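Reading the structure
Now for the letters of each chain:
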Amino acid sequence: MDIPIRTHRRNVTARSSQAKMTENDHLATKNNSRPPRSPLKRVFGGKRSSSAPARIGRRHLLVEDHYLVDPVDKRLLPGLPVTDEDWARDMHDFFNLVALVPVVVLNFMNWNWDILFDPRSKKNIQQAWSGDWFSPFFAVVIGYFVADLIWVILIPKCVKSPGVIIQHHIATLIYLVIPYLFREDGWLMGACLSVEINTWLLIARRVFNKQGFPPWVIDLPPFVSIRIKLISVLFYVTWISIRCFLYPIIMKILLELWWKQWKQTGMVLYSRYTVGIVLHSIFCILNFKWTFDLFASKLRAWKLGKEAKVEKGL
């Protein structure tokens, strides 16, 4: 094994151990200072009064499931979490890396790319959807989400946030009813599921970098370095372009379609676009929350690193 790889593993292990010790010391102090609970509260869970002040505790960020985060100040640490061997998680990751490929490929085959890439084209995103392969695309997507939903329910330890995954998949399956019943809205399914490209890259970052190497380390073997950098760059490009830009654009189109249908039929609550707006707004909120957590952690890391450099210079 190369010396840089062994050194990086020791550094990441030391940072992880130090972070865990800090967090464990904080929890131990908090538990020791807490008064003993009554037997009734131990049995029934001790429901808090509605007039009680809000709890002040450590909020778990979803970004901590995929990044190395300092438990004290929530800043991102260099590198990624070192991934230990875990059969349940590894098998689930392998399933996603394989199953998401036909989802992405069939989605790609349903679009007219001459329209999408033509800057002079006056056609919109709905008109760029051909839907030539809609039936196999829909079947593969339903099969993937149902299979993954059952997998997470039966083996919840295969992911770090099973509750979020289960709720997301159920909302997605409900959302898919719209393009199934109204084929003219197939573009909505294709545009939304383009996010699975980013999901594939998110899993690939973990699977192909189990050692947790920072993407921009220069003393790595060439093949490892290129692979890690390419996946990292594509991950951030697709995150910003799809989650931060495409999803709000879809919301704008949904609102326009809802307004048009309301003017024509007078239907408000019973419009299919009302359901789409509600579900899509949930996905947009989640995307912006995850984006905020991610870049807020990076900003904290940058600020603390800058302060450390100034103190060192003084």
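Residues numbered from 1 in each chain as written. Predicted model: local features only at pLDDT ≥ 70, side-chain atom pairs only at ≥ 80, totals over all residues. Heavy atoms only, no water.

**Considerations on the packing of helix H3 (residues 87–109) against helix H5 (residues 134–154)**
Each pair of packed helices can be described by the angle between their axes along with the distance between the axes. Contact geometry of H3 with H5 gives a least axis separation of 9 Å together with a crossing angle of 165 degrees. Judged on the interaxial angle alone, H5 and H3 are roughly antiparallel. The crossing of H3 and H5 is left-handed. In contact with Met91, His92, Phe95, Asn96, Ala99, Leu100, Pro102, Val103, Leu106 and Asn107 of H3, H5 contributes Pro136, Phe137, Val140, Val141, Tyr144, Ala147, Asp148, Trp151 and Val152. (Axes fitted to C-alpha atoms, helices over the stretch in contact; angles between N-to-C directions. Helix = DSSP H or I, 4+ residues; strand = E, 2+ residues; numbered from the N terminus. Parallel < 35°, antiparallel > 145°, perpendicular 65-115°, else oblique. Left-handed = near helix turned anticlockwise from the far one by under 90°. Contact = heavy atoms within 4.5 Å.)

**What to know about the confidence of the model for the protein**
Across the protein, the average pLDDT comes to 76, with 63% of residues at 70 or higher. The least confident element of the protein, judged by mean pLDDT, is helix H2 (residues 39–44) at 36; the most confident is H5 at 96. Low pLDDT (under 50) marks residues 19–23, which in the prediction has four contacts with non-local residues, meaning those over four places away or in another chain. The low-confidence segment residues 306–314 (pLDDT under 50) makes zero contacts with residues lying over four places distant or belonging to another chain. (pLDDT = per-residue confidence, 0-100.)

**Details of the environment of Met251**
Take Met251: it is sitting in helix H10 (residues 222–265). A relative accessible area of 14% means that Met251 is categorised as buried. When the C-alpha positions of Met251 and Ser281 are compared, they lie 7.3 Å apart, and in sequence the two are 30 residues distant. When sequence neighbours within four positions are dropped, the list of residues in contact with Met251 reads Ile277, His280 and Ser281. (Buried < 20%, exposed > 50% of the residue type's maximum accessible area, 1.4 Å probe, protein only.)

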